[in-house]
Amino acid sequence: MHFRLPFESERRHLVADNKHTSDRVFRVALPWPPSVNGMYRSGKRRVYMDGRTKAWYSAAVGAIKTAPGFAACKCTRPTKVRVSIVFVPPTAHVLDIDNRIKPVHDALEKAGLLENDSQVRVGEQVLLGKLTGGTPGAFVTVEQLPYDFGVAMIEIPLFNGRM
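Here we summarise the structure given alongside this text. In this text the structure is predicted, and so the values were computed from the model without any measurement. (Residues numbered from 1 in each chain as written. Predicted model: local features only at pLDDT ≥ 70, side-chain atom pairs only at ≥ 80, totals over all residues. Heavy atoms only, no water.)

Some details on the overall build of the chain
Item 1. Looking only at helices and strands, the chain features three helices and six strands.
Item 2. Put simply, the chain runs from its N terminus to its C terminus through helices and strands in the order α-β-β-β-α-β-α-β-β.
Item 3. Counting every position in the chain, which comprises 163 residues, the buried fraction comes to 40%.
Item 4. In the chain, of all internal contacts separated by at least 6 residues, the share reaching a separation of at least 24 is 81%.
Item 5. Entry remark: accessible area of the chain is about 9800 Å², with carbon and sulfur atoms responsible for 53%. (Helix = DSSP H or I, 4+ residues; strand = E, 2+ residues; numbered from the N terminus. Buried < 20%, exposed > 50% of the residue type's maximum accessible area, 1.4 Å probe, protein only. Contact = heavy atoms within 4.5 Å. Areas by Shrake-Rupley, 256 points an atom, 1.4 Å probe, with all protein chains shown as cover.)

Below, the structure written as structure tokens:
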């Protein structure tokens with residue numbers, strides 16, 4: 001899978017060029033996702049979603065539903081997918097991208113592109129450094145797989161007779 005750097009001109013290419021969107025591949029540019037660590041707050045014996053997180057989900061779901069090819073690429077239950085995410089952070093701080101993956105998968109599910117994030121069989125994440133002149137965000141590619149990795153035999157190599 002090849003990615004293009006999400007500079008402003010490339011960003012438009014990723015989301016607006018219909019010839020790069022087929023019924024098996026869906027691309028969308030999302031705003032910079034929140035960290036799982038700060039998504040929820042607690043108080044008065046309940047846990048609730050932070051207001052900034054709600055606003056992010058609203059913007060992300062809107063971007064997904066209005067992206068070219070959304071209707072053609074909805075993945076129903078037995079369909080397995082590969083989700084590739086290129087993260088472009090807004091700052092040069094050291095980040096843990098593990099905390100940014102779950103909100104992106106949840107947004108794909110809330111938008112109706114995936115029925116459940118358990119459909120993701122292959123996940124690829126790339127964290128780029130802060131780009132000068134680029135737009136921060138998560139640039140997502142969802143590709144329907146022609147086969148299910150769940151039935152493949154995988155050999156795990158042993159080193160010195162041990163794992």
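Section: helix H2 (residues 51-66)
Item 1. Taking 1.5 Å per residue as the helical rise, H2 with its 16 residues ought to reach 22 Å, and the 23 Å between its terminal C-alpha atoms agrees with that figure.
Item 2. Those residues of H2 that fall on the buried side of the exposure criterion are Thr-53, Trp-56, Tyr-57, Ala-60, Val-61 and Ile-64. When H2 is viewed along its axis, its buried side chains cluster within an angular range of 125 degrees and face the same direction. Within H2, the exposed residues directed more than 90 degrees away from the buried face are Arg-52, Lys-54, Ser-58 and Thr-66.
Item 3. Packing partners of the buried residues in H2 comprise strand E1 (25-30), strand E3 (46-49) and helix H3 (98-110).
Item 4. Capping the start of H2 is the job of one residue whose side-chain oxygen sits 3.3 Å from the backbone nitrogen of Arg-52: Asp-50. (Expected span 1.5 Å × (residues − 1). Arc of directions from axis to C-beta. Polar contact = N/O pair within 3.5 Å; in protein donor to acceptor, adjacent residues only side chain to side chain.)

Section: the pairing of strand E2 (residues 40-43)
Each regular strand displays side chains that alternate between the two surfaces of the sheet.
Item 1. Pairing geometry for E2 and E3, over four bridges, is antiparallel. Paired with Gly-43 across the strands is Arg-46, a residue of E3.
Item 2. Linking two consecutive strands that pair antiparallel, namely E2 and E3, is a turn of two residues; a positive phi of about 50 degrees is found at Lys-44 within it. (Pairing = 2+ DSSP bridges.)

Considering the pattern of salt bridges
Item 1. Under the definition given, this model contains seven salt bridges.
Item 2. Here the residues in one salt-bridge network are Arg-24, Arg-82, Glu-124 and Glu-143, joined through shared partners. (Salt bridge = Lys/Arg side-chain N within 4 Å of Asp/Glu carboxyl O.)

Brief notes about the packing of aromatic side chains
Item 1. A full pass over the atoms with the stated rule returns three aromatic pairs.
Item 2. Centroid distance Phe-26 to Phe-70: 6.4 Å. Interplanar angle 65 degrees. Geometry classified as edge-to-face. Taken together, the residues Phe-26 in strand E1 and Phe-70 in the loop between H2 and strand E4 (81-88) connect sequence positions 44 residues apart. Across this residue pair, the class does not change: Phe-26 and Phe-70 are buried.
Item 3. Arranged with centres 5.2 Å apart and planes meeting at 70 degrees, the rings of Trp-56 and Tyr-57 form a pair that is edge-to-face. One exposure class covers both Trp-56 and Tyr-57, and it is buried.
Item 4. The ring of Tyr-57 has Lys-110 sitting right over it, with the charged end atom 4.2 Å from the ring centre. (Phe/Tyr/Trp six-rings, centres within 6.5 Å; stacked < 30°, edge-to-face > 60°. Lys NZ or Arg CZ within 6 Å of the ring centre and 35° of its normal.)

Here we look at the environment of Lys-130
Item 1. The residue Lys-130 is located in the loop between strand E5 (120-127) and strand E6 (137-144) in this model.
Item 2. Placed 37 residues apart in sequence, Lys-130 and His-93 show a C-alpha to C-alpha distance of 8.8 Å.
Item 3. Among residues more than four places away in sequence, those in contact with Lys-130 are Pro-89, Pro-90, Thr-91 and Ala-92.

A look at the sheet that holds E6
Item 1. Spatially, E1-E6-E4-E5 is the arrangement adopted by the four strands of the open sheet, whose pairing is mixed. Edge positions in the sheet fall to E1 and E5, since each has one partner strand and no second. Direction aside, neighbouring strands of the sheet carry axes that sit 15 degrees apart on average.
Item 2. For E4 and E5, the ladder comprises seven bridges, and the chain directions are parallel. Across the sheet, the residue bridging to Val-86 is Val-126, located in E5.
Item 3. Sitting on the sheet, H3 is in contact with E1, E4, E5 and E6, with an inclination near 125 degrees to E4. (Axes fitted to C-alpha atoms, helices over the stretch in contact; angles between N-to-C directions.)

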